[in-house]
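Residue strings, one per chain:
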Amino acid sequence: HYRSLPDDLGRVLEVGCGPFTQLKTILACADRDINGITLADPLLNDYLNHPHCTYKTWVVEKLAVRAEDLDPTRRFNTIVCVNVLEHVLDAPAVLTK
């Protein structure tokens, strides 16, 4: 139930959010403070058309970019990355960014 996560997640980035996002599950497990959400996935615009897309109506920053192309100058307090690294072209680059 994500008990090891802090109560205050700060600015959150979810890499490879897919159409359903892991963040929704994390937030459902406990009441946590968040200071902003950014979702990133290269197919994000396609997922927004999915009839059951979790975040279609969320007012958050949505980036249709590959994890390798994320801006390395952006800072986040919490990064959610579940079942993503096996799908990227350059996992060390993703982890470095």
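That block above? That's the structure.
This text gives an overview of the structure that appears in the document.

Scoring rules and cut-offs
- Residues numbered from 1 in each chain as written.
- Predicted model: local features only at pLDDT ≥ 70, side-chain atom pairs only at ≥ 80, totals over all residues.
- Heavy atoms only, no water.
- Helix = DSSP H or I, 4+ residues; strand = E, 2+ residues; numbered from the N terminus.
- Contact = heavy atoms within 4.5 Å.
- Salt bridge = Lys/Arg side-chain N within 4 Å of Asp/Glu carboxyl O.
- Buried < 20%, exposed > 50% of the residue type's maximum accessible area, 1.4 Å probe, protein only.
- Pairing = 2+ DSSP bridges.
- Axes fitted to C-alpha atoms, helices over the stretch in contact; angles between N-to-C directions.
- Polar contact = N/O pair within 3.5 Å; in protein donor to acceptor, adjacent residues only side chain to side chain.

Focus on the environment of Asp-33
Argument step 1. By the secondary structure assignment, Asp-33 is in strand 2 (residues 33-40).
Argument step 2. Taking C-alpha positions, Asp-33 is 6.0 Å from Leu-9, a pair spaced 24 residues apart along the chain.
Argument step 3. Discounting residues that sit within four places of it in the chain, Asp-33 has contacts with Asp-7, Asp-8, Leu-9 and Gly-10.

Observations regarding the pattern of salt bridges
Argument step 1. Taken as a whole and judged by the stated rule, the model has two salt bridges.
Argument step 2. As a salt-bridge pair, Arg-74 and Glu-61 come within 2.6 Å of each other at their nearest N and O atoms. Of this pair, Arg-74 sits in the loop between strand 3 (61-63) and strand 4 (78-80) while Glu-61 sits in strand 3, and the two are 13 residues apart along the sequence.

Remarks on unusual backbone geometry
Argument step 1. For Thr-21, which is not a glycine, the phi torsion comes out positive at approximately 55°.
Argument step 2. The residue Thr-21 is located in the loop between strand 1 (8-15) and helix 1 (22-29) in this model.
Argument step 3. The exposure class of Thr-21 is buried, given its relative accessible area of 5%.
Argument step 4. One non-glycine residue, Asn-83, lies in positive phi territory at about 55°.
Argument step 5. Mapping Asn-83 onto the fold places it in the loop between strand 4 and helix 3 (91-96).

Thoughts on the sheet that holds strand 3
Argument step 1. Pairing is parallel across the open sheet formed by four strands, whose spatial order is 3-2-1-4. Looking at which strands have only one partner, the edges of the open sheet turn out to be strand 3 and strand 4. Across the sheet, the mean angle from the axis of one strand to that of its neighbour is 20°, orientation sign disregarded.
Argument step 2. Of the strand pairs in this sheet, strand 1 and strand 4 are connected by three bridges, and their pairing is parallel. Bridged to Glu-14 within strand 4 is Val-80.

Re the side chain of Thr-54
Argument step 1. Position of Thr-54 relative to the elements: it lies in the loop between helix 2 (44-47) and strand 3.
Argument step 2. Separated by 2.8 Å, the side chain of Thr-54 and the backbone oxygen of Phe-20 make a polar contact.
Argument step 3. Those residues within four positions of Thr-54 in sequence are excluded, and the remaining contacts are Pro-19, Phe-20, Thr-21 and Lys-24.

Focus on the environment of His-87
Argument step 1. The topology assignment puts His-87 in the loop between strand 4 and helix 3.
Argument step 2. By relative accessible area, His-87 is classed as exposed at 62%.
Argument step 3. Placed 20 residues apart in sequence, His-87 and Ala-67 show a C-alpha to C-alpha distance of 9.8 Å.

Digging into the environment of Thr-38
Argument step 1. On the secondary structure map, Thr-38 appears in strand 2.
Argument step 2. Judged by relative accessible area, Thr-38 falls into the buried class, the value being 2%.
Argument step 3. Expressed as a C-alpha distance, the spacing of Thr-38 and Leu-63, which sit 25 residues apart in the sequence, is 7.3 Å.
Argument step 4. For Thr-38, the side chain forms a polar contact with the side chain of Glu-61, separated by 2.8 Å.

The quantities given are spatial measurements derived from coordinates; they are silent on function.
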